[in-house]
Amino acid sequence: MILTKENLIINNPNKEPQISNSVSSLIGNTGLIRLSKLFPHKQVYGKLELMNPAGSIKDRTAKFIIEKSLELGLINENSLIIESTSGNMGVGLAQICLYHGLDLRLVVDPYINKQTLSLLEAYGAKIEMVGKADEHGSYLGTRINRVQKILAENPNAFWTQQYENPLNPLTHHETAEEIVGQLGEYPDYILVATSTCGTLMGFAEYNDQIGGKIKIVPVDAFGSVIFGGKPEKRVIPGFGASKTSTLLKEELLESPMWIKEWESIIGCKKLLKHEAILAGGSTGALVSGVEKLEMNPDEKAVIIICDRGERYLETIYSDKWITETFGIDILEMINKKVNEVVEFEQFN
């Protein structure tokens, strides 16, 4: 059939308009989908935080911290907003600060993705790139030191301080409520990638308030020190950290799951191959984590699809980068593992 004006269905012109007043109002209320092709024998759901306007769950955090700080009088139109970031928090802040007319300065390091850096520049954020890593290959300490100097030099500076700001976890009480509302019941598990621990503890605090009905499972990277691991070089941003977070309350969590960085790449490629969802490295870690999770057939698990994969096309989705970073043997193993799911589904 050829599509013409005559065979198009015309919407009722008297229907109530559905128009948002700002880009800020579009942050949140993201979709929840069942990942039935990737997990045909488990009830696993993905919270599509990549649907936020600037592309990640950190849109929520940036919006809440900035708008609440404006409301409380902690910042005003003359404030200089500062943050140390490896990517998504910076993009979220860049968008919300641009919208509110606030100056933003971000301290980043060489591990930031090129596309993320371009996004930050497009949003008008001022960027400072540090160049000195510690003995474990991390730049976080150097970034924080630079932030402290900027604060000392600028009396009007305000540090959003994502590793310590209590507004960070408070943001995600709403995220948790959305999941419960969309699912129509409490899930048995929510798996959350760890970094600042803001998202993680937001879910954990919400769960504590409702009486611990959900198992909150942190998924951390080998080489991260959040849960007492041995510090090692890591190259995928937004997953693991080289410093502990004052927000962390381990008593509210299940035991952490540890995922290697190449396992997170496997998770990303499986999610793309079977669900057509192009997501970032921390999401891949959750995919690999939930694969290892022992679940009863009637149990439900939710993973957070944290950000868009376009920012990782030159890294975790690049065979060249994987080979240069991990070696050809790891690339071959990744491709083999991704194809194992196809073979498994074909015979079931």
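For clarity, every value in this text was computed on a predicted model and none was experimentally measured. (Residues numbered from 1 in each chain as written. Predicted model: local features only at pLDDT ≥ 70, side-chain atom pairs only at ≥ 80, totals over all residues. Heavy atoms only, no water.)

Colleague: Just give me the short version of empty space enclosed by the protein, but keep the residues and values in it.
Modeller: Scanning the model with the defined rule gives 2 cavities of 30 Å³ or more in all. Size it by volume and the largest cavity reaches roughly 620 Å³. Along its surface, the largest cavity is lined by 46 residues, and Ser 86, Ser 195, Pro 237, Gly 238 and Phe 239 are the ones closest to its centre. Among the secondary structure elements, those contributing two or more residues to the lining of the largest cavity are α2 (88-100), α4 (140-153), β7 (189-193), α6 (198-209) and α8 (281-292). (1 Å grid on protein atoms, 1.4 Å probe; cavity = no way out; pocket = protein on both sides within 12 Å on 5 of 7 lines; lining within 4 Å. Points joined across faces, edges and corners; volume = space filled by probe spheres on them. Helix = DSSP H or I, 4+ residues; strand = E, 2+ residues; numbered from the N terminus.)

Colleague: Tell me about the pairing of strand β2 (residues 43-48), and please be specific about residues and values.
Modeller: The buried fraction of β2 amounts to 6 of the 6 residues, a majority that puts the element mostly inside the structure. Side chains Gln 43, Tyr 45 and Lys 47 of β2 all project onto a buried face; the interleaved residues Val 44, Gly 46 and Leu 48 project onto the opposite face, where all are buried too. Relative to β2, strand β1 (residues 32-34) is paired through 3 bridges, and the arrangement is antiparallel. If you follow Ile 33 over to β2, its bridge partner there is Gly 46. The pairing of β2 with strand β10 (residues 300-305) spans 6 bridges and is parallel. (Buried < 20%, exposed > 50% of the residue type's maximum accessible area, 1.4 Å probe, protein only. Pairing = 2+ DSSP bridges.)

Colleague: Could you give an account of the nonpolar core, naming the residues involved and the relevant values?
Modeller: Counting 66 residues, the largest nonpolar core has Ile 190, Leu 191, Leu 200 and Val 290 as its most contacted members. Look past the residues within four positions of Val 290 in its chain and what remains in contact with it is Phe 39, Lys 42, Val 44, Leu 191, Met 295, Ala 301 and Ile 303. Judged by nonpolar contacts, the second largest core, of 22 residues, contains Leu 104, Ala 125, Phe 158 and Leu 167. (Core = buried A, V, L, I, M, F, W, Y, C linked by side-chain atoms within 4.5 Å. Contact = heavy atoms within 4.5 Å.)

Colleague: An account of the pattern of salt bridges is requested, with residue identities and associated values reported.
Modeller: Counted under the stated rule, the structure contains 14 salt bridges. As a salt-bridge pair, Arg 143 and Asp 109 come within 2.4 Å of each other at their nearest N and O atoms. One end of the pair, Arg 143, is in helix α4; the other, Asp 109, is in the loop between β4 (103-108) and α3 (114-122), with 34 residues separating them in the sequence. For the pair Arg 143 and Asp 109, one class covers both residues: buried. Across the salt bridge formed by Lys 320 and Glu 324, the nearest N and O atoms sit 2.7 Å from each other. In this pair, Lys 320 and Glu 324 are both assigned in helix α9 (residues 319-326), 4 residues apart and thus about one turn of the helix distant. (Salt bridge = Lys/Arg side-chain N within 4 Å of Asp/Glu carboxyl O.)

Colleague: Can you lay out α6 for me, pointing to particular residues and giving the numbers?
Modeller: Count 3.6 residues to each turn of an α-helix, and residues three or four apart come out pointing the same way. An ideal rise of 1.5 Å per residue puts 16 Å on 12 residues; α6 measures up with 16 Å between its terminal C-alpha atoms. Of all the 12 residues making up α6, 10 are buried; the element is thus mostly covered by neighbouring parts of the structure. Within the sequence span of α6, burial applies to Gly 198, Thr 199, Leu 200, Met 201, Gly 202, Phe 203, Ala 204, Glu 205, Tyr 206 and Asn 207. Residues of α6 that are buried in the fold lie against α5 (167-183), β7, β8 (215-221) and β10. (Expected span 1.5 Å × (residues − 1).)

Colleague: Kindly report on the sheet that holds strand β6 (residues 157-159), identifying the contributing residues and their values.
Modeller: An order of β5-β4-β3-β6 is seen for the 4 strands of this open sheet, with the pairing classed as parallel. The open sheet is flanked by β5 (126-129) and β6, the only strands paired with a single partner. In this sheet, adjacent strand axes meet at a mean angle of 25 degrees when their direction is disregarded. The pairing of strand β3 (residues 80-84) with β4 spans 5 bridges and is parallel. Within β4, the position partnered with Ile 82 by the bridge is Arg 105. Docked against the sheet, α3 engages β4 and β5, running at close to 145 degrees with respect to β5. (Axes fitted to C-alpha atoms, helices over the stretch in contact; angles between N-to-C directions.)

Colleague: Give me unusual backbone geometry: which residues, what numbers.
Modeller: Of note in this structure, Cys 197 is not a glycine but carries a positive phi near 75 degrees. Position of Cys 197 relative to the elements: it lies in the loop between β7 and α6. A relative accessible area of 2% places Cys 197 in the buried class. A positive phi is found at Ala 276, a non-glycine position, where the angle reads about 60 degrees. Here Ala 276 lies in the loop between α7 (261-275) and α8.

Colleague: How would you explain the sheet that holds strand β9 (residues 257-259) if you had to name every residue and give the values?
Modeller: As summarised here, the arrangement of the 6 strands in space is β1-β2-β10-β7-β8-β9, forming an open sheet in which the pairing is mixed. At either margin of the open sheet sits one strand with a lone partner, and together these are β1 and β9. The sheet shows a mean angle of 25 degrees between the axes of neighbouring strands, direction not considered. Docked against the sheet, α6 engages β7, β8 and β10, running at close to 165 degrees with respect to β8.

Colleague: Lay out the packing of helix α1 (residues 58-72) against α5 in plain terms, naming residues and giving numbers.
Modeller: Direction vectors running N to C along α1 and α5 enclose 125 degrees, while the axes themselves pass 9 Å from each other. The angle between α1 and α5 places the two elements in the oblique class. Between α1 and α5 lies a crossing whose hand is right-handed. Seen from α1, the contacting residues are Arg 60, Thr 61, Phe 64, Ile 65, Lys 68 and Ser 69; seen from α5, they are Leu 167, Asn 168, Leu 170, Thr 171, His 172, Glu 174, Thr 175 and Glu 178. Looking at side-chain class alone, the contact of α1 with α5 contains 4 nonpolar, 6 polar and 4 charged residues. (Parallel < 35°, antiparallel > 145°, perpendicular 65-115°, else oblique. Left-handed = near helix turned anticlockwise from the far one by under 90°. Nonpolar A, V, L, I, M, F, W, Y, C, P; charged D, E, K, R; others polar.)

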